[in-house]
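Spelled out, the chains give:
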Amino acid sequence: MPNGPVTLVILGASGDLTRRLLLPGLGTLLRTRPDLDVKLVGAAFEALDEAEWRKRVSEALADGGCRVERAERMASETRYAQLDVTDGAAMKAFLADIDEAGRPIVLYFALPPAISQKACEVLSTLELPVGLRVAIEKPFGSSLESARAFNQLLTSVVPEERIFRVDHYLGKATVVNLLGIRFGNRIFEPVWNANNIERVEIIADEGLALEGRAGYYDKAGALKDMIQSHLLLVMAIFAMEEPANIDAVELRDLMMHTLRATKLWSGEGEVPSRRARYAAGTIDGREVPDYTAEPGVDPARQTETLAQLTVEICNARWAGVPFRLRSGKALGDGFRGIVVKFKPVAHLPGGFHNEAPPNVMVIGISPESIALSITTNAEGDRWDLEQTTLSTELSESPIRPYGEILDGILSGDPLLSVRGDVAEECWRILTPVFEAWSSGEVPLDEYTAGSYGPTSWN
Ligand code: BG6
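Every value quoted in this text rests on a predicted model; they were computed, and no experiment measured them. (Residues numbered from 1 in each chain as written. Predicted model: local features only at pLDDT ≥ 70, side-chain atom pairs only at ≥ 80, totals over all residues. Heavy atoms only, no water.)

1. Let's talk about the overall build of the chain
Then step 1. Of the regular secondary structure elements, the chain holds 11 helices and 18 strands.
Then step 2. In terms of overall size, the chain behaves like a compact globule, its C-alpha atoms giving a radius of gyration of 24 Å where 458 residues would be expected to give roughly 23 Å.
Then step 3. If you line up the chain on its principal axes, its C-alpha atoms span 80 × 50 × 45 Å.
Then step 4. Split into buried and exposed, the 458 residues of the chain put 52% on the buried side.
Then step 5. Expressed as a percentage of contacts within the chain between residues at least 6 apart in sequence, the contacts between residues at least 24 apart total 77%.
Then step 6. Per element, the accessible surface of the chain, about 19900 Å² overall, is 52% carbon and sulfur.
Then step 7. Distance from the positive charge centre (46 side chains) to the negative charge centre (65 side chains) of the chain: 2 Å. (Helix = DSSP H or I, 4+ residues; strand = E, 2+ residues; numbered from the N terminus. Rg over C-alpha atoms; globule rule 2.2 N^0.38 Å. Buried < 20%, exposed > 50% of the residue type's maximum accessible area, 1.4 Å probe, protein only. Contact = heavy atoms within 4.5 Å. Areas by Shrake-Rupley, 256 points an atom, 1.4 Å probe, with all protein chains shown as cover. Lys, Arg positive; Asp, Glu negative; His and termini not counted. Charge placed at Lys NZ, Arg CZ, Asp CG, Glu CD.)

If you want it as structure tokens, here you go:
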């Protein structure tokens, strides 16, 4: 999409997210889109020497593969301001200073949620530059009520179409791959339903442990950190009805339509939710301590490092199909992907020696891949049936997920941003889980770091 000129202001510019993800993501975008007319401004509470900021910008952009001259040019033009975003007068002066006619400003909040919220309260009292856009990092709220209140506040600052709620999973190639595989082939869409699919699992297991993030993670846990936004959004894309066009209105309407029909599993045969926490173990030869022994963790919070949820999408397409969402840290194989298990054939002709194994499709997430297991005749005895897997790696996008998300924000296209009602709906789905966990109905199980999770879950 063509871009007009734009000023990208990163609030929280001295932080880890900016250095590790945002700027390298921007670097990948600049490499593929050299025409992008974007000015970068960094601001944070921390006093930072402008030369140091420029150095960080040029290094982080280059880390994303941006051409050296481009990275250096952007670094030489960028500015840094020390700013308390919760101070109305300071914010007003800052915005007046960077406002240029014909160049809309994006305020990207790379800040902890509570501070972003305070800053938005401040913005709601100010006269704002024309066309201002606001980008907000996840987690968006911490419950249905807080997400609702935050949405009300945000829409009093700028209209919904200029609010970009960031979820980098929507920037992963997986999302576009899912749309391409399902709607670009004749053979998948007709079987994408409860008549043919037995169950779906969406898994994001990580080998990484806490990695020094107790300050944030110990208050969030796996359910809020990964399932609330990332995995529910991937599920919504996987399970939605067919769009006529892929645009911000249609895609997000269809995601919302699917999420509204989603509720925690209440039938037989599935456990609606499970939680667990890792104990000391070894991952790739590296000793990992007990989660509770990690600096900054408060064991009394009972934070889960592995969460599993089973939901049902109560509509004609999916009724009765369990969708299992699972994510955790310090897990053995670090598998991330979607596993689609098909029903057995309606009737296998007599004469074969064995049952036909059901088809399974695995769509890998980062790295992107697809594998389809089909039933074939065995080599030795033709009347024996066995499974053969057709698989391929899918090409990686040259733009990292944060680059894709920034592309949408800089061009003003909210296609890959989370709409306000979608964010609220994800919290609504999880509300009964929070209630069951806080009432002690669901035990906090334990697993050894480096294992596949609690053995009792198998
Ligand atoms: C982030 C979570 O949103 O996603 C992290 O806060 C998690 O805890 C990360 O590690 C996973 O992202 P990816 O792209 O590595 O799957």
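Okay, back to it.
2. A few points about the UniProt feature "domain: Glucose-6-phosphate dehydrogenase NAD-binding" (unreviewed entry) in the chain
Then step 1. According to UniProt, the positions carrying the feature "domain: Glucose-6-phosphate dehydrogenase NAD-binding" (unreviewed entry) are residues 9-177.
Then step 2. This span, residues 9-177, is 49% helix and 15% strand, and a straight line between its end C-alpha atoms measures 31 Å. (UniProt positions renumbered as here; feature names shortened; annotations may be inferred.)

3. Remarks on the UniProt feature "domain: Glucose-6-phosphate dehydrogenase C-terminal" (unreviewed entry) in the chain
Then step 1. The positions UniProt marks with the feature "domain: Glucose-6-phosphate dehydrogenase C-terminal" (unreviewed entry) are residues 181-456.
Then step 2. The straight-line gap between the two end C-alpha atoms of residues 181-456 is 35 Å; of that span, 26% is helix and 27% is strand.

4. Concerning the site of the ligand
Then step 1. The environment of the ligand is made up of Lys-138, His-168, Tyr-169, Lys-172, Glu-206, Arg-213, Asp-225, Met-226, His-230, Lys-329 and Arg-336.
Then step 2. The side chain of Lys-329 places a nitrogen or oxygen atom 2.8 Å from an oxygen atom of the ligand.
Then step 3. Arg-336 is positioned such that a nitrogen or oxygen atom in its side chain is 2.4 Å from an oxygen atom of the ligand.
Then step 4. Across the complex, the protein chains shield 79% of the 400 Å² of accessible surface that the ligand would expose by itself.
Then step 5. In terms of residues, the shell around the ligand owes the most to one element, helix α8 (residues 214-239), which gives 3 residues. (Near = heavy atom within 4 Å. Polar contact = N/O pair within 3.5 Å; in protein donor to acceptor, adjacent residues only side chain to side chain.)

5. Focus: the environment of Pro-344
Then step 1. Within the element layout of this structure, Pro-344 appears in the loop between β14 (336-342) and β15 (360-364).
Then step 2. Accessibility expressed as a relative area gives 48% for Pro-344, which makes it partly exposed.
Then step 3. Residues Pro-344 and Phe-140 lie 204 residues apart in sequence; the distance between their C-alpha atoms is 41 Å.
Then step 4. Excluding its chain neighbours within four sequence positions, the residues that come into contact with Pro-344 are Glu-198 and Pro-358.

6. Considering the packing of aromatic side chains
Then step 1. For the coordinates displayed, the defined rule picks out 12 aromatic pairs.
Then step 2. On the numbers, 6.4 Å between centres and 70 degrees between planes, the contact of Phe-188 with Trp-192 is edge-to-face. Across the pair, exposure class does not vary: Phe-188 and Trp-192 are buried alike.
Then step 3. Arranged with centres 4.8 Å apart and planes meeting at 35 degrees, the rings of Trp-192 and Phe-238 form a pair that is tilted. A residue pair is termed long-range when its members are at least 10 positions apart, and Trp-192 in the loop between α7 (173-183) and β7 (197-205) and Phe-238 in helix α8 qualify at 46 residues. Judged on exposure class, the residue Trp-192 and its partner Phe-238 are both buried. (Phe/Tyr/Trp six-rings, centres within 6.5 Å; stacked < 30°, edge-to-face > 60°.)

7. Details of the sheet that holds strand β6 (residues 163-165)
Then step 1. Spatially, β3-β2-β1-β4-β5-β6 is the arrangement adopted by the 6 strands of the open sheet, whose pairing is parallel. The strands lining the two open edges of the sheet, one partner per strand, are β3 (79-82) and β6. Each strand of the sheet is rotated relative to its neighbour by a mean of 20 degrees, with strand direction disregarded.
Then step 2. The strands touched by helix α6 (residues 144-157) are β5 (133-136) and β6; relative to β6, the strand with the most contacts, the crossing angle is about 150 degrees. (Pairing = 2+ DSSP bridges. Axes fitted to C-alpha atoms, helices over the stretch in contact; angles between N-to-C directions.)

8. Examining unusual backbone geometry
Then step 1. In this model, Lys-138 is joined to Pro-139 through a cis peptide bond whose omega is 0 degrees.
Then step 2. Note on placement: Pro-139 falls in the loop between β5 and α6.
Then step 3. Pro-367 follows Ser-366 through a cis peptide bond whose omega is 5 degrees.
Then step 4. Residue position: Pro-367 is located in the loop between β15 and β16 (369-377).
Then step 5. The backbone of Asp-284 shows a phi angle near 50 degrees, a positive value even though the residue is not glycine.
Then step 6. Topologically, Asp-284 is positioned in the loop between β10 (281-283) and β11 (286-288).

9. As for the pattern of salt bridges
Then step 1. Here the structure, examined in full by the defined rule, presents 31 salt bridges.
Then step 2. Among the salt bridges present, the one from Glu-100 reaches Arg-103, with a minimum N-O distance of 3.9 Å.
Then step 3. Among the salt bridges present, the one from Arg-326 reaches Asp-205, with a minimum N-O distance of 3.0 Å. One end of the pair, Arg-326, is in strand β13 (residues 323-328); the other, Asp-205, is in strand β7, with 121 residues separating them in the sequence. (Salt bridge = Lys/Arg side-chain N within 4 Å of Asp/Glu carboxyl O.)

10. Here we look at the side chain of Ser-366
Then step 1. Position of Ser-366 relative to the elements: it lies in the loop between β15 and β16.
Then step 2. At 2.9 Å, the side chain of Ser-366 forms a polar contact with the side chain of Lys-172.

11. Examining the packing of α8 against helix α11 (residues 420-438)
Then step 1. Axis separation between α8 and α11 bottoms out at 10 Å; the angle between their running directions is 135 degrees. In terms of orientation, α8 and α11 fall into the oblique class. Crossing angle aside, the handedness with which α8 passes α11 is right-handed. Across from Leu-223, Lys-224, Ile-227, Gln-228, Leu-232 and Leu-233 in α8, the residues of α11 making contact are Val-422, Ala-423, Cys-426, Trp-427, Ile-429, Leu-430, Val-433, Phe-434 and Trp-437. (Parallel < 35°, antiparallel > 145°, perpendicular 65-115°, else oblique. Left-handed = near helix turned anticlockwise from the far one by under 90°.)

12. Observations regarding the environment of Ile-197
Then step 1. Its place among the elements puts Ile-197 in strand β7.
Then step 2. Separated by 162 residues in sequence, Ile-197 and Asn-359 place their C-alpha atoms 9.3 Å apart.
Then step 3. Setting aside anything within four residues of it in sequence, one finds Ile-197 in contact with Val-191, Trp-192, Trp-318, Val-321, Val-340, Lys-341, Phe-342 and Lys-343.

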